[in-house]
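Chain and residue survey
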Amino acid sequence: MKFIVAKGLSVVLTLFGVSLLAFFLIRLAPGDPVLLMMGERGADPKLYAALQAKLGLDGSLIKQYFSFLAHALQGDLGHSIVSNQPVTSELLARWPATFELGIFSVCIAICIGIPLGILAAINQNSLLDRCLMAIALGGYSMPVFWWGLVMILFFSIGLDLTPVSGRLGVIYDIEPVTGFMLIDTLLPQSYQDYGSQAFLDALHHLVLPAFVMATVPLAVFARMTRSSMLEVLSEDYIRTARAKGLSEFRIIIVHALRNALVPVISIGGVMFVSIAVSGAILTETIFGLPGVGSYIVNSVYARDYPVIQGSILMIGIFVLCTNLFIDQLNQWVSQRKSE
Amino acid sequence: MKQGISILQFGRNNVLVSIAISFIFVLMLLAYAGPFMMSLAPYETSKSLLNSPTFFSKHSSFHLGTDDLGRDIQSRLIYGARSSLSIGLAVVLIALSIGTTLGLIAGVYGGWVDRVIVRCNDILMSLPSTLLAIVVVAVMGGGLTNAMFAVTIVMIPRFIRVIRAVAKQEVKKQYVQAAYTFGYSKFRIMWCEVLPNCWAPMIVQATLGLSDAILDIAALGFLGLGAKPPTAEWGAMLSDARQFIETAPYLAIMPGLCIFLTVLSFNLLGDYLRDLLDPKMKRK
């Protein structure tokens, strides 16, 4: 409990810093956002002042910051310059697409990466180990934006197996309820109209982007599992287990893996979040998915500063909360270990 | 003679690392000496638009083909290597010097200075690197110089973290305690005593950082936030190639392959150096 409070305080302090960064970084941008909105021909001073007040851009910088913070705490991140919609609702509308992609690629990365790492560790220094680790390093060095193009070239254009972009074929008209396409297509109303076809089509659209996004984390998981597993396998209690005559399978899966996964969860988890957000930005841009990543990139093109500011804050919160959760998970796992 | 044998032995024991080192060497040679050795025209347009590479069609006079404006891909790739390597090196050197200085100050001085630096570092690290780089470019405007600045900022925190951790350990050792008893100032201890013992992690991090810098610059170029159009840069070339991906796939494959192989080579070298220099790994 004490741990949570101390950690929580530290997170709040860091969050405060992230809000400062989000606020003042955007203020460094050249140009006046109010003039930008009013057009290039110059503005009526009265209208100018009114708009300035409406955007919360009047008064001193410090006053502006606290008004930004007060609004942000109430979930109000301002309005987009481009669409004039609240930034919060725009971000929340795009969140599920990114989350769906992220969850799917975590599963791929864990389900393939960790077994590969174990396999390499068991056969240490063999040809298999070397090949696996060379491939893993290749995956780790992969430029996601190029890998996505190569995959599209191979699977979508060459073999015609998967769609090139988007979340769902145009023939399906699905009402967004949760925003998660895989869930929405299974909801009773949509299911009545299209049966399982829409769901399969959504899955079909998701596989390739998720795999592309999973490539780098997969390699990270494989490398970390291998080194962590090697460390554990050289410990005394594994030798004891061998001496007891336990089967090799039982030793590795039951005794070694549980302890080997602790550092993989803590370091790999934290790394994953950061890699995944970077990956999401590039993957969504390549595959034309309407998620948070492509939204940020488009806002950067349009110089939509309120959106950029809001996105930094929101992603900062997300990353910090995930890290806190991973810390907690780890605490729990290692506590169980010591009991 | 003896030297020759040891290089051969090294090559036999570390096949991949030797290939990586050779690749980096050839790339540097091409990038910096290439323009003097052969005629390269990365910005000259010709009439042969979207020409396939020679090994696909014998009629082509361009080894690696031409792009949609008839520019020679080979020349553009070599100039791209030049900009990628130069920018990567510059970014890493600047980030390394700033990161090392701040890391040493945090590690040696400790106390509230340490806490402030660590806190600021945590804030920067809580934002994923690509996002932070994109935002910095969004604020400052596109272009290669600004992209370079953005990637430098993104790169600093990791150097601070590593150097601070090493400095913290070194400060506890006897030679530093001895230096204190001589009455040396903290400033002198920081630069003359602790810094020389940080060189191993500095080299490892710099090599690994180089691959990340090249990757990040290319990613920004791909998103259209780095190098501006006529500039021959790998990421920007890749983004131009996207619209011709069905008609001229080689346009998209080659710049990406260059990025991939370069990043992979620096990662291989970095991994090797870490195994060689990191005492924790050596014990294993």
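The model shown is predicted, which means the values in this text are computed figures rather than measured ones.

Analysis parameters
- Along each chain, residue indices are assigned from 1 in the same order as the chain's sequence is written.
- By the order in which they are written, chains take letters starting at A while ligands take numbers starting at 1.
- Only residues with pLDDT of at least 70 get local features here, since the model is predicted, and only at 80 or more are side-chain atom pairs given and counted; chain-wide, interface and lining totals rely on the full set of residues.
- Note that water and hydrogens are dropped before the side-chain values are worked out from all heavy atoms of the structure.
- We call two residues contacting when some pair of their heavy atoms lies within 4.5 Å.
- As a working definition, buried area equals the accessible area (1.4 Å probe) given up by two parts on being put together, with both sides summed.
- For this analysis, a salt bridge means a side-chain nitrogen from Lys or Arg found within 4 Å of a carboxyl oxygen belonging to Asp or Glu.
- What qualifies as a polar contact is a pair of N or O atoms within 3.5 Å, subject to a donor-acceptor requirement within protein and to the restriction that residues adjacent in sequence count only when both atoms come from side chains.
- By the criteria applied, helices consist of DSSP H or I runs no shorter than four residues and strands consist of E runs no shorter than two, each listed in order from the N terminus.
- To form a nonpolar core, buried Ala, Val, Leu, Ile, Met, Phe, Trp, Tyr and Cys residues must be joined to one another through side-chain atoms within 4.5 Å.
- Burial classification: accessible surface area is computed with a 1.4 Å probe over protein chains only, and a residue below 20% of its type maximum counts as buried, one above 50% as exposed, and the rest as partly exposed.
- Note that the domain bounds reflect an automated or database-derived domain assignment.
- Cysteine sulfur atoms that pair up within 2.5 Å are treated as a disulfide.
- In this analysis, the expected span of each helix is defined as 1.5 Å times one less than the number of residues it contains.
- Think of it as the arc spanned by the lines of direction from the helix axis to the C-beta atoms.
- To define axes, lines are fitted to C-alpha atoms, for helices over the stretch in contact only, and angles between the resulting N-to-C directions are given on a 0 to 180 degree scale.
- It is the rotation of the near helix from the far one that decides the hand of a crossing: anticlockwise by less than a right angle makes it left-handed, clockwise makes it right-handed.
- Here the term charged refers only to Asp, Glu, Lys and Arg, the term nonpolar to Ala, Val, Leu, Ile, Met, Phe, Trp, Tyr, Cys and Pro, and the term polar to all other amino acids, Gly among them.

Attention now moves to the interface of chain B and chain A. Each side of the interface is counted separately: chain B has 42 residues, and chain A has 44 residues. Across the chain B/chain A interface, buried area totals approximately 3700 Å², and carbon plus sulfur atoms make up 78% of it. Three residues stand out in chain B for area buried against chain A, namely B:Val139, B:Leu223 and B:Phe260, and they jointly supply 15% of the buried area on that side. For the interface between chain B and chain A, the tally reads one salt bridge. The tally of links between chain B and chain A comes to nine residue pairs in polar contact (both at pLDDT 80 or more). Secondary structure elements with two or more residues in the side of chain B that touches chain A: helix H4 (111-125), helix H5 (129-140), helix H9 (199-222) and helix H11 (249-277) of chain B.

Quick look at the side chain of B:Gln205 now. Structurally, the position occupied by B:Gln205 is in helix H9. Beyond its immediate stretch of four places on either side in the chain, B:Gln205 contacts B:Arg158, B:Phe159 and B:Val162.

Now for the nonpolar core. A:Phe145 and A:Met229 are the most contacted members of the largest nonpolar core, which has 162 residues in total. Looking at this core element by element, the count peaks at 16 residues for helix H12 (residues 248-287) of chain A. Residue-level mapping places this core at the junction of two domains, with at least three residues from each of domain 1 (2-73) and domain 2 (87-338) of chain A. Once residues within four sequence positions are removed from consideration, A:Phe145 is found in contact with A:Leu282, A:Ile286, B:Leu215, B:Ala218, B:Ala219, B:Phe222, B:Leu238 and B:Ile259. Within the second largest apolar cluster, five residues are counted, among which are A:Ala120, A:Leu132, A:Met133 and A:Ala136.

Bringing the state of the cysteines into the picture now. Residues and elements named next belong to chain B. One pass over the full model with this rule turns up zero disulfides over all chains. With no disulfide partner, Cys 192 has as its closest neighbouring cysteine sulfur the one in Cys 198, 13 Å distant. A relative accessible area of 46% places Cys 192 in the partly exposed class.

Residue and element names in this part refer to chain A. Between the first and last C-alpha of helix H4 (residues 61-73) there are 18 Å, a value that for 13 residues agrees with the 18 Å anticipated at 1.5 Å per step. For H4, the full list of buried residues reads Gln 64, Tyr 65, Phe 68, Leu 69 and Ala 72. Axial view of H4: buried residues confined to an arc of 135°, hence all on one face. Facing away from the buried side of H4 by over 90 degrees, the exposed positions are Lys 63 and Leu 73. A positive phi of about 85° marks Gly 75, the residue just after H4.

Residue and element names in this part refer to chain A. Interaxial distance between helix H7 (residues 144-158) and H12 falls to 9 Å at its minimum, and their mutual angle equals 35°. Here H7 and H12 pass one another in a crossing that is right-handed. Here Val 144, Phe 145, Gly 148, Leu 149 and Ile 152 of H7 come into contact with H12, specifically with Leu 282, Thr 283, Ile 286 and Phe 287. Here the residues of the contact of H7 with H12 sort into seven nonpolar, two polar and no charged.

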